[in-house]
Each structure stands twice: as structure tokens, then as C-alpha cells.
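# A closer look at the structure
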Amino acid sequence: IITTSGSNAGIGFAIPGDKVREATKEIISKDRVVTYQRKAQGWLGAEIARNDLAAILRKKMGQRIIEGVFVSAVKPDSPAKDVDMKPLKLTEEGTVIVGDRIVAVGGKVVNTKEDLEEDMRSRVEGEQVSITVEDADGNRRVLYVKLMPKPY
């Protein structure tokens with residue numbers, strides 16, 4: 001901070017580079033959408049269980065499940081809801097009922113929440129995507145989802 005005498009008071013401010021990078025990407029992305037240079041980012045409307053919770057669920061299921069991410073919630077009026085994607089459910093007794101696990105998007109295997117988020121960042125509204133899900137019994141099915149604009 002510069003004082004009225006022109007000297008420096010020795011106080012500085014710093015912003016972590018990763019935060020600047022995230023903010024820059026978001027500003028550029030939103031500006032391109034607003035100025036119609038690019039379609040909006042696609043949105044699935046499914047929330048994914050954190051990796052630590054997924055590890056616990058895999059262990060409790062007693063299986064060597066390696067691929068896939070657990071759907072923890074499905075937003076109302078979302079593409080995931082339209083194709084009947086099943087989220088985790090918690091009963092009144094406290095038992096967790098496992099719903100669907102997303103194992104692949106567009107034929108590409110998904111192993112972590114970050115894998116799915118990275119893939120979805122490149123998707124745009126109106127794009128039709130094939131999503132392979134697996135239920136608790138190990139039955140797989142392919143859902144064809146038309147992505148909506150990502151709400152901001």
C-alpha cells in the first residue's frame with residue numbers, strides 16, 4: 001500500500017494462481033455464451049458422490065468395482081431425470097440404497113468425479129451424449145441424453 005508520502009508500507013496482496021486460472025476460464029466461457037460466440041456448456045443435472053464416499057460404497061458393496069462414479073442426486077427438470085437416472089437413496093433406518101453408477105460417457109470410461117467433470121466441460125447444450133450406467137445388481141444400460149444449457 002502506498003502512503004501519501006510516497007513510501008511503501010510493506011503490505012502486499014496475493015491471489016493463488018489456480019484461483020485466477022479458474023476465474024479466467026469462467027469469465028471467458030460466460031462471455032462467449034453471452035456474445036453468442038459459442039453455445040452454452042452442456043448440463044446433465046446429476047450430482048456425483050465425492051471420491052471418498054464412493055470408496056466407502058465400493059467397500060460396503062463387497063465388490064471390486066473400479067470404474068464408474070455413483071450418482072448421488074438427480075436434479076428435477078434435468079436431462080438426467082428425463083432418462084430416469086437413479087440416485088443413491090437413504091432410508092429412514094439409515095440404509096443407503098445404491099442407484100446408478102456412471103461408467104462411461106461417449107464410450108470413454110469414467111473412473112472419478114474429476115474424469116466426469118472434465119468430460120462434461122467440453123460438452124455443449126443440445127449435444128446428445130451416450131452415458132453407460134450400471135445399477136447395484138451389475139446390469140448395464142446406455143442412456144441417450146440431450147444436454148441442456150448449464151444454469152449459472
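Anyway, here's the lowdown on the structure attached to this text. (Residues numbered from 1 in each chain as written. Predicted model: local features only at pLDDT ≥ 70, side-chain atom pairs only at ≥ 80, totals over all residues. Heavy atoms only, no water.)

### Points about the packing of aromatic side chains
- The final tally for this structure, using the stated rule, is zero aromatic pairs.
- Over the ring of Phe70 we find Arg101; its NZ or CZ atom is 5.8 Å from the centre of that ring. (Phe/Tyr/Trp six-rings, centres within 6.5 Å; stacked < 30°, edge-to-face > 60°. Lys NZ or Arg CZ within 6 Å of the ring centre and 35° of its normal.)

### Describing helix H4 (residues 113-121)
- Looking only at H4, the buried set comprises Leu116, Asp119 and Met120. The arc that holds the buried residues of H4, viewed along the axis, is 95°, so those residues lie on one side.
- Summarising the contacts, the buried residues of H4 are in contact with strand S1 (42-43), strand S2 (46-48), strand S3 (69-74), strand S6 (101-105) and strand S7 (108-109). (Buried < 20%, exposed > 50% of the residue type's maximum accessible area, 1.4 Å probe, protein only. Helix = DSSP H or I, 4+ residues; strand = E, 2+ residues; numbered from the N terminus. Arc of directions from axis to C-beta. Contact = heavy atoms within 4.5 Å.)

### A short note on a negative patch on the surface
- Taken together, the side chains of Glu114, Asp115, Glu117 and Glu118 present a region of like negative charge at the surface.
- In this structure, Glu118 sits in helix H4. (Patch = residues over 30% accessible without salt bridge, like charges linked within 9 Å, V, L, I, M, F, W, Y side chains within 5 Å. Areas by Shrake-Rupley, 256 points an atom, 1.4 Å probe, with all protein chains shown as cover. Salt bridge = Lys/Arg side-chain N within 4 Å of Asp/Glu carboxyl O. Lys, Arg positive; Asp, Glu negative; His and termini not counted. Charge placed at Lys NZ, Arg CZ, Asp CG, Glu CD.)

### Topic: the nonpolar core
- Residues Leu44, Val71, Met85, Ile102, Val105, Leu116 and Ile131 are the most contacted members of the largest nonpolar core, which totals 19 residues.
- Sorting the residues of this core by element identifies S2, S3, S6, H4, strand S8 (128-134) and strand S9 (140-146) as the ones contributing at least two each.
- If we ignore the near neighbours within four places in the chain, the residues touching Val71 are Ala46, Glu47, Ile48, Met85, Lys86, Pro87, Leu88, Asp100 and Ile102.
- Counting five residues, the second largest nonpolar core, distinct from the first, contains Ala49, Ala54, Leu57 and Leu88. (Core = buried A, V, L, I, M, F, W, Y, C linked by side-chain atoms within 4.5 Å.)

### A look at unusual backbone geometry
- The backbone phi angle of Asp77 is positive, close to 55°, even though this residue is not glycine.
- Examined against the element boundaries, Asp77 turns out to sit in the loop between S3 and helix H3 (79-82).
- Classification of Asp77 as exposed rests on a relative accessible area of 67%.
- Positioned with a positive phi, Asp84 is a non-glycine residue whose angle comes to about 65°.
- As for its placement among the helices and strands, Asp84 is situated in the loop between H3 and strand S4 (89-90).

### Points about the pairing of S8
- The element S8 is extensively covered by neighbouring structure, given that five of its seven residues are classed as buried.
- Two strands pair when backbone bridges link them, and S6 and S8 are joined in this way by four bridges, in the antiparallel orientation. Along S8, the bridge assignment pairs Ala104 with Thr132.
- Where S8 lies against S9, seven bridges are found, and the strand directions are antiparallel. Bridging from a neighbouring strand, Val133 pairs with Arg141 of S9. (Pairing = 2+ DSSP bridges.)

### Let's talk about the pattern of salt bridges
- Counted by the stated rule, this structure contains nine salt bridges.
- Of the charged contacts in the structure, one is a salt bridge between Glu67 and Arg140, with a shortest N-O distance of 2.4 Å. Of this pair, Glu67 sits in the loop between helix H2 (51-61) and S3 while Arg140 sits in strand S9; the two residues are 73 residues apart in sequence, bridging distant segments of the chain.
- Residue Glu67 is classed as partly exposed on the basis of its relative accessible area, which comes to 25%.

### A look at a positive patch on the surface
- Residues Arg21, Lys25, Arg121 and Lys150 make up a contiguous surface patch of positive charge.
- Here Lys25 lies in helix H1 (residues 17-34).
- What makes Lys25 exposed here is its relative accessible area of 58%.

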